[in-house]
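# Notes for the structure review
The chain contents come next:
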Number of protein chains: 2
Amino acid sequence: MIMAIIVQKFGGTSVADAKKIRRAAKRVIKTVENGFGVVVVASARGKQTDQLVADALELNPNPPKREMDQLLSTGEQQSVSLFAMALDAMGYDAISFTGSQIRMMTDSVHTKARIKSIDAERIHKQLDQGRIVIVAGFQGIDEHENITTLGRGGSDTTAVALAAALGAEQCEIYTDVDGIYTADPRIFKEAVKMDQISYDEILEMASLGAGVMHPRAVEFGKKYDVKIHVRSSSEQTEGTIITHEVPQMEGVVVSGATIQKDMAKIGLVGVDNIPGNAAKVFAHLAKAKVIVNDIVQTELSAEKANLSFMVDISDLAAAREAVEQIQDDVHCERIFVRDDIAEVSVVGVGMRSHYGVAEKMFSALAKAQINIDSITTSEIRISCAVDEDQAEKALEAVCVAFELDKPAKQRGS
Amino acid sequence: MIMAIIVQKFGGTSVADAKKIRRAAKRVIKTVENGFGVVVVASARGKQTDQLVADALELNPNPPKREMDQLLSTGEQQSVSLFAMALDAMGYDAISFTGSQIRMMTDSVHTKARIKSIDAERIHKQLDQGRIVIVAGFQGIDEHENITTLGRGGSDTTAVALAAALGAEQCEIYTDVDGIYTADPRIFKEAVKMDQISYDEILEMASLGAGVMHPRAVEFGKKYDVKIHVRSSSEQTEGTIITHEVPQMEGVVVSGATIQKDMAKIGLVGVDNIPGNAAKVFAHLAKAKVIVNDIVQTELSAEKANLSFMVDISDLAAAREAVEQIQDDVHCERIFVRDDIAEVSVVGVGMRSHYGVAEKMFSALAKAQINIDSITTSEIRISCAVDEDQAEKALEAVCVAFELDKPAKQRGS
């Protein structure tokens, strides 16, 4: 008999202390009692990782990355053994594994390694023996047995990758929110939880700063067709399913709206409008390791063009320095910087087949007396840069216009 | 060029915090600067292991041993990565390894595994590249990649085993005492540090409760001819070398004296003096998992004999219950128990070639008005059980008699 498998991932806050580990263990047991084989992925307990980082920095302001991985991976190893002990105490047979023990093979890029392969066989064997398997998230090993870590959102990626390798029914991500909302409920209080959302939409939203799932984990899910269920670790309610686009999703014009602050815009006014000049600017920015978004180029005349782009505020100084170095080279007349802007975006796969979405958004902003600095779009997204101090008001206006305070089924066309 | 290798082991107190790790790292660097290849073995930091044990017990009063090993091994893994970071900060190239990474293969007896083999090749390669190698003590893996731990004194054993596998010049054990003394200086203040001592002597002393080196580590050293140097982690002085017996050791009649408290004696009076009765008693004690020492049997008559032995005080209840169960079976007339005794012992390989050692000991005790309850001897040891409240006085009398307040060379015959 082949048993259906569910992967359940518990983050650091969900395993922070004995009480929370027990609560998480009970969730696992419930799923086992429902007849599933369960593989748990656990992160390091609460503040453990921060403490280890502090210990490291006390000895070395710039610790070697290999040693940092060797150090930090102990946090998850502790969580998984403690989790297995909790299950044992409740009368369930459990076994914990490190990344090394399940041959979670990665490349050798310490602190942000990428998964290459997993030995699903060892886990299947344990499940077949009726055991609950607990796997350390965030970590792997390279071909030389060096311990690697996967970087931010690493445990999510471990969980989704395991679900893919094991052919699991579902990958459940337990977190301190009960699902993914149409907008950040701290800003738009009437936001509602989505039942489901497509990989592409969540990827757009994640890149726009909605921090529920790490994009790498979602990309993995998309690539290997893993159904991801984001749900609450404290409540029993259903959360939000991230899955492939289904026809009914197209009926929903806009799935969610986001707000992204801490951004800055840099404009190069009056650049010579000749081939290769834009390439020169962005090559120079890349060399300065600045990540650039929302590039817009417009012609001023046959000879001159304007070029603008957005950067994270933390990259602003480096970006400004880089463009100043290249200014004369591209005959740029003037550089301007805005560090007081935010971006409000709407996302939805339904945009592909609906007209008037952009117009509806612009009207909503206009009605709320909000000036639009610039607009960028993708196939399933429209973003407007606005004054930072109007950002919340802008989000609310957009949410109301697209009825994001109602479940998808109850919205008008 | 083949470089001479030194293994340096730092215990939990020697790596307890950043300051101590730096101090230990400086010791290592000094040895590197003297032209040696250095392999460091580190234990878990200070109270880390205790904390992890407490975390485990909070979740499970009887945690599965495999998971306990998985949990506790993180303590050493943290120490070694931090140690490598400290060396890196001081400008030295270092790399840390877990037991798994150097294929420290053990059997599968979790919490007290025994080492089967080590992959010295990986360490040699790193040393050849000019790196300092830091190895996690106390831990290994079994053939299924399960993490194992070596039990008490495990890091000492790791260090000595590594020194053997690498063909090291010396295995240095850094500790909070500056060497091994002729007697416990807390009791006999005039005790002096020994320059050297043989494996057999330290093994006798360790089994008598002198807690400097764990017997398993010493046995490993004896088997593979590893010179062990026990020395201070805070001072620069030479410590005590544990090595094979050399002719000059025979000139020293008694190397050290020990006192062992927390013991109890159980006597079976008037047991039927027939073959197999003693075997019955001790088989029954073994079944009760009681460790028995200093067995003495004496004939009372052709038909009856007395049988007595010593146990650790913590085993007394179990031992008493076991002998009571077997009492009728061996026709024992009476059982007596003494829980107020201690054992004072002298140890020395020189005893093999010297007469009068026992007499000198008994005279010293007699002169000090100390009654001897019973006497047991081995080839290089004489032990006398005495009243517990006279134990310190007895040790002092023996130490004075054998001039253990003087360096070996300055003693009389």
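Note that the coordinates shown come from a computational prediction; the quantities given were computed from them, not determined experimentally. (Residues numbered from 1 in each chain as written. Chains lettered and ligands numbered in written order. Predicted model: local features only at pLDDT ≥ 70, side-chain atom pairs only at ≥ 80, totals over all residues.)

### Digging into the pairing of strand S17 (residues 372-378) of chain A
Each regular strand displays side chains that alternate between the two surfaces of the sheet. All names here are of chain A. The cut-off we apply is this: Here a strand pair is declared whenever DSSP counts at least two bridges between the two strands. Numbering goes from the N terminus for both helices and strands, where a helix is a DSSP run of H or I of at least four residues and a strand is a run of E of at least two.
By the bridge criterion, 6 bridges tie S17 to strand S18 (residues 381-387) in an arrangement that is antiparallel. Opposite Ser378, over in S18, you have Arg381 as the bridge partner. Here S17 folds back onto S18 in antiparallel fashion, the turn holding 2 residues.

### Re the relation of the copies chain A and chain B
The cut-off we apply is this: All copies are superposed by least squares; the fitting set is the C-alpha atoms of residues with a pLDDT of at least 70 in both. Once C-beta atoms have been placed from the backbone, residue pairs whose C-beta atoms lie within 7 Å are recorded as contacts.
Superposing chain A onto chain B takes a rotation of 180 degrees plus a shift of 0.0 Å along the axis, which leaves an RMSD of 0.1 Å. The superposition operator between the copies reduces to a two-fold rotation axis. Minimal C-alpha distance to the rotation axis in chain A is attained by Thr74(A), lying at 2.6 Å. When the interface residues of chain A are mapped onto chain B, 100% of them again lie at the interface, so the same face is used by both copies.

### Section: the interface of chain A and chain B
A common way to express how large an interface is: the accessible area buried when the components associate. For clarity, the cut-off: Polarity classes work like this: nonpolar for Ala, Val, Leu, Ile, Met, Phe, Trp, Tyr, Cys and Pro, charged for Asp, Glu, Lys and Arg, and polar for all others, with Gly in that last group.
Contact residues are listed per partner, giving 27 residues for chain A and 27 residues for chain B. Broken down by secondary-structure element, the contributors of at least two residues to the side of chain A that touches chain B are helix H1 (18-33), helix H2 (48-59) and helix H3 (65-89) of chain A. No other element matches the 13 residues that H3(A) contributes to the side of chain A that touches chain B. Here the residues of the side of chain A that touches chain B sort into 13 nonpolar, 9 polar and 5 charged.

### What about the sheet that holds strand S9 (residues 170-175) of chain B?
Residue and element names in this part refer to chain B. Where we set the bar: Think of each axis as a best-fit line through the C-alpha atoms, taken over the contacting stretch in the case of a helix, with angles from 0 to 180 degrees between the N-to-C directions.
On the basis of which strands lie adjacent, the open sheet formed by 8 strands has the order S3-S6-S2-S1-S9-S11-S12-S10 and mixed pairing. In the strand order of this sheet, the two ends are held by strand S3 (94-97) and strand S10 (196-198), each with one partner. Across this sheet, the average inter-strand angle for adjacent strands is 20 degrees, counted without regard to direction. Where S3 lies against strand S6 (residues 132-136), 4 bridges are found, and the strand directions are parallel. What sits directly across from Ala94, in S6, is Ile132. Against the sheet, helix H1 (residues 18-33) contacts strand S1 (5-10), strand S2 (37-42), S6 and S9, and its axis sits at roughly 170 degrees relative to S1. Packing of helix H5 (residues 154-166) onto the sheet brings it into contact with S1, S2, S6, S9 and strand S11 (228-232), and relative to S1 it is tilted by some 175 degrees.

### A short note on helix H9 (residues 316-326) of chain A
Residue and element names in this part refer to chain A. Our working rule: With C-beta atoms placed from the backbone, a residue counts as buried when 20 or more other C-beta atoms lie within 10 Å of its own, as exposed when 12 or fewer do, and as partly exposed for counts between those limits. Here, the arc refers to the directions that run from the helix axis to the C-beta atoms.
Those residues of H9 not exposed but buried are Ala319, Ala322 and Val323. Buried residues of H9, viewed axially, fall in a sector of 95 degrees; they line one side. Of the exposed residues in H9, those oriented more than 90 degrees away from the buried face are Glu321, Glu324 and Gln325. Its buried side turned inward, H9 meets strand S13 (256-272), helix H8 (277-287), strand S15 (304-312) and strand S16 (334-347).

### Here's the deal with the packing of H3(A) against helix H3 (residues 65-89) of chain B
Selection criterion: Geometric relationships in this document are graded by angle, where less than 35 degrees denotes roughly parallel, more than 145 denotes roughly antiparallel, 65 to 115 denotes roughly perpendicular, and other angles denote oblique. By definition, any crossing whose near helix is turned counterclockwise from its far helix by less than a right angle is left-handed, and any crossing with a clockwise turn is right-handed.
Contact pair H3(A) / H3(B): the axes reach a minimum separation of 8 Å and the direction vectors enclose 165 degrees. Between H3(A) and H3(B), the crossing angle belongs to the class labelled roughly antiparallel. Where H3(A) crosses over H3(B), the handedness of that crossing is left-handed. For the pair H3(A) and H3(B), the contacting residues are Glu67(A), Gln70(A), Leu71(A), Thr74(A), Gln77(A), Gln78(A), Ser81(A), Leu82(A), Ala84(A) and Met85(A) in the first and Glu67(B), Gln70(B), Leu71(B), Thr74(B), Gln77(B), Gln78(B), Ser81(B), Leu82(B), Ala84(B) and Met85(B) in the second.

### Quick look at the environment of Asp339(A)
All names here are of chain A. Positionally, Asp339 belongs in strand S16. Residue classification places Asp339 among the partly exposed positions, given that 14 C-beta atoms sit within 10 Å. Considering only alpha carbons, one finds Asp339 and Val311, 28 residues apart in sequence, at a separation of 9.5 Å. If near-sequence neighbours (up to four positions away) are discounted, Asp339 is found in contact with Ala264, Ile313 and Leu316.

### Examining the domain arrangement of chain A
Residue and element names in this part refer to chain A. Using the following cut-off: Residue ranges labeled as domains rest on an automatic or database domain assignment.
Domain boundaries in chain A define domain 1 (5-244) and domain 2 (257-402). Computed from C-alpha atoms alone, the centre-to-centre distance between domain 1 and domain 2 is 34 Å. In this assembly, 14 residues from domain 1 lie in contact with 15 residues from domain 2. The dominant element in the side of domain 1 that touches domain 2, judged by the number of residues it contributes, is helix H6 (residues 199-207), at 4 residues.

### Overview of the sheet that holds strand S11 (residues 228-232) of chain A
Residues and elements named next belong to chain A. Strand order in the open sheet formed by 8 strands is S3-S6-S2-S1-S9-S11-S12-S10, and the pairing between neighbours is mixed. Looking at the sheet topology across the chains shown, the edges are occupied by strand S3 (94-97) and strand S10 (196-198). Geometrically, the sheet is characterised by an average inter-axis angle of 20 degrees between neighbouring strands, direction not taken into account. Alignment of S11 against strand S12 (residues 240-243), held across 3 bridges, turns out to be antiparallel. If you follow His229 over to S12, its bridge partner there is Ile241.

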